[in-house]
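# Structure at a glance
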Amino acid sequence: PSQIVAAAKGTYANQPITAQFTGGALLSLRDDKPYPISLQVANGPTKVSLTGTVQDPLAFAGADLKLDLAGPDMALLTPLTGIAIPKTPAYRIAGQLDYEAGSVKFTGLTGKVGSSDLEGSLQVDTTKARPVLTADLQSRLVDLKALGGFIGADPGDAGKGTKAPTRRPNGRMLPDIPVDLPKLTFADVHLKYRAAHIQGRAQPLDNMRADMDIVNGEVKLHPLAFGIGGGQISGTIDLAPQ
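Residues numbered from 1 in each chain as written. Predicted model: local features only at pLDDT ≥ 70, side-chain atom pairs only at ≥ 80, totals over all residues. Heavy atoms only, no water.

## Quick look at unusual backbone geometry
Selection rule: Numbering of helices and strands runs from the N terminus; a helix is a DSSP stretch of H or I covering at least four residues, while a strand is a stretch of E covering at least two. For each residue, the accessible area found with a 1.4 Å probe, counting protein chains only, is set against the maximum for its type, and the residue is called buried under 20%, exposed over 50%, and partly exposed in between.
Omega for the peptide link from His-222 to Pro-223 comes to 0 degrees, which places this bond in the cis form. Among the structural elements, Pro-223 can be located in strand E12 (residues 218-228). In this structure, Asn-14 takes a positive phi of about 60 degrees despite not being glycine. Positionally, Asn-14 belongs in the loop between strand E1 (4-12) and strand E2 (15-23). By relative accessible area, which is 77% here, Asn-14 ends up exposed. Of note in this structure, Asn-207 is not a glycine but carries a positive phi near 50 degrees.

## Considerations on the pattern of salt bridges
Put simply, the rule is: Each salt bridge in this description consists of a side-chain nitrogen of Lys or Arg and a carboxyl oxygen of Asp or Glu lying within 4 Å of one another.
One pass over the full model with this rule turns up 4 salt bridges. Linking Arg-92 and Asp-68 is a salt bridge whose minimum nitrogen-to-oxygen distance equals 3.0 Å. Separated by 24 residues along the polypeptide, Arg-92 in strand E6 (residues 91-100) and Asp-68 in strand E5 (residues 61-71) bring together distant segments of the chain. A relative accessible area of 52% means that Arg-92 is categorised as exposed. The residue Glu-119 makes a salt bridge to Arg-140 at a minimum N-O spacing of 3.3 Å. Pair noted here: Glu-119 is in strand E8 (residues 116-125) and Arg-140 is in strand E9 (residues 132-143), with a separation of 21 residues, a long-range link.

## Looking at the pairing of E6
Stated formally: A pair of strands is labelled paired if DSSP reports no fewer than 2 bridges between them.
Where E5 meets E6, 7 bridges bridge the pair, whose relative direction is antiparallel. Bridged to Leu-67 within E6 is Gly-95. By the bridge criterion, 9 bridges tie E6 to strand E7 (residues 103-113) in an arrangement that is antiparallel. By the bridge assignment for E7, Tyr-91 is matched with Val-113. Remark: 2 residues form the turn of the hairpin made by E6 and E7, two consecutive strands paired antiparallel; Ala-101 in that turn has positive phi of roughly 50 degrees.

## Considering the pairing of strand E3 (residues 35-43)
Inspection of the sheet shows E2 paired to E3 by 7 bridges, in the antiparallel sense. Within E3, the position partnered with Phe-21 by the bridge is Leu-39. Note: E3 against strand E4 (residues 46-56), 9 bridges, orientation antiparallel. Counterpart to Ser-38 in the pairing with E4 is Thr-51. Turn length for the E3-E4 hairpin, with the two strands adjacent in sequence and antiparallel, is 2 residues, and the turn residue Gly-44 shows positive phi of about 60 degrees.

## A few points about the environment of Gly-235
Let me state the cut-off plainly: Throughout, a contact is declared for two residues whenever any of their heavy atoms are within 4.5 Å.
With respect to the helices and strands, the residue Gly-235 is situated in strand E13 (residues 231-239). Sequence spacing of Gly-235 and Ala-210 is 25 residues, and the spatial spacing of their C-alpha atoms is 9.9 Å. Setting aside anything within four residues of it in sequence, one finds Gly-235 in contact with Leu-221, Pro-223 and Leu-224.

Here you go:
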């Protein structure tokens, strides 16, 4: 059967980009049957695969699509997604993608970031003045070495620590250095995150719970809680931009 085939090549976000699209026949766009599509994109080392069907391709509604993302650093997704993402180790994430009434939904998400696993769902509402990201994520095992990018350091892989500069201890429990957070005012974020086990250089943590809201660049964690040894630490954190 006939198909629509298109290819593109160029430069995007200072990286070479190639794209290959394959769809059903042009006349089948008017049929009531699901329209098959396959899109493969490579933006530098970032690979994106989107395959499946769309019930209404002209409105991109009723999608049954599998999205697969892979690359050496999730920060490289920022130009493609429009959402500022901190630096991470190599990752691969897959799930089901749908779009409806200005909202992009990514459900059944599974994958790995470095040696940490990740699953859950997220949704981006693009109808607001600022995009609103709502996420519900879980991990069975988290390696803290992979999270350096979330506090301004360069994340290490499973066998290396973060590349943050060594600092002399000053007797404080928490650091007093500025935290370089990525473009928090670009989108509002509502995150619910659960982690069963967190492995770090010191005592491992268990049963982490974090409910985080970022609105107008202000960060609120309510609560941030985790088990340590035979006890538990729980609290709330407010961070306001300066």
